[in-house]
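Analysis of the macromolecular model
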Amino acid sequence: MKQNGKFMDGSNFPAKMGQPARRALTHAGISSLEQIAELGESELLKLHGLGPKTIRQLREALSAAGLDFKK
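Predicted, not measured: the structure shown is a model, and the values here were computed from it.

Thresholds, definitions, all that
Residues numbered from 1 in each chain as written. Predicted model: local features only at pLDDT ≥ 70, side-chain atom pairs only at ≥ 80, totals over all residues. Heavy atoms only, no water. Helix = DSSP H or I, 4+ residues; strand = E, 2+ residues; numbered from the N terminus. Expected span 1.5 Å × (residues − 1). Buried < 20%, exposed > 50% of the residue type's maximum accessible area, 1.4 Å probe, protein only. Arc of directions from axis to C-beta. Contact = heavy atoms within 4.5 Å. Core = buried A, V, L, I, M, F, W, Y, C linked by side-chain atoms within 4.5 Å. Salt bridge = Lys/Arg side-chain N within 4 Å of Asp/Glu carboxyl O.

Concerning helix α4 (residues 52-64)
Look at α4: 18 Å from first C-alpha to last across 13 residues, which is about the 18 Å you get at 1.5 Å a residue. Along α4, the residues classified as buried are T54, I55, Q57, L58, A61 and L62. One side of α4 holds all its buried residues, which, seen down the axis, span an arc of 160°. Those residues of α4 that are exposed and angled more than 90 degrees off the buried face are P52, K53, E60, S63 and A64. Those residues of α4 that are buried are in contact with α1 (19-27), α2 (33-36) and α3 (41-45). Phi turns positive, to about 75°, at G66, one or two residues after α4.

So, in structure tokens, the structure goes:
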């Protein structure tokens, strides 16, 4: 559920992001797009539950927030 632009888990992850990816990020201690922007795509792909589709969704969300993955 969403409240004030954030999900009940406190994240601002993309709404259509799958639960396995959301759980993987939460388990890794990542709860915001700002934290995701500190990581590279290859680092995120190492997390079980994240794949190319999630990376695309995150890239779009980061871009909308004026952020990008670490190079």
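We are not done yet, so read on.
A word on α1
Among the residues making up α1, those that are buried are A21, R22, A24 and L25. Taken end-on, α1 shows its buried residues confined to a sector of 160°, consistent with a single buried face. Facing away from the buried side of α1 by more than 90 degrees, the exposed set consists of R23 and H27. Phi turns positive one or two residues past the end of α1, at G29, with a value near 85°.

Looking at the nonpolar core
Counting 17 residues, the largest nonpolar core has L25, I30, I36, L44, L50, L58 and F69 as the members making the most contacts within it. Listed by contribution, the elements that provide at least two residues to this core are α1, α2 and α4. Each residue touching L58, except ones within four places of it in the same chain, is listed here: P14, M17, L33, I36, L44, L50 and F69.

Side note on the pattern of salt bridges
By the definition in use, this model includes two salt bridges. When the shortest N-O distance is used, the salt bridge between E41 and R59 registers 3.0 Å. Within this pair, whereas E41 is found in helix α3, its partner R59 is found in helix α4, the two being separated by 18 residues in sequence. Taking the relative accessible area as the measure of exposure, E41 reaches 29% and is therefore partly exposed. Residue classification places R59 among the partly exposed residues on the basis of a relative accessible area of 35%. As a salt-bridge pair, K71 and D68 come within 2.9 Å of each other at their nearest N and O atoms.

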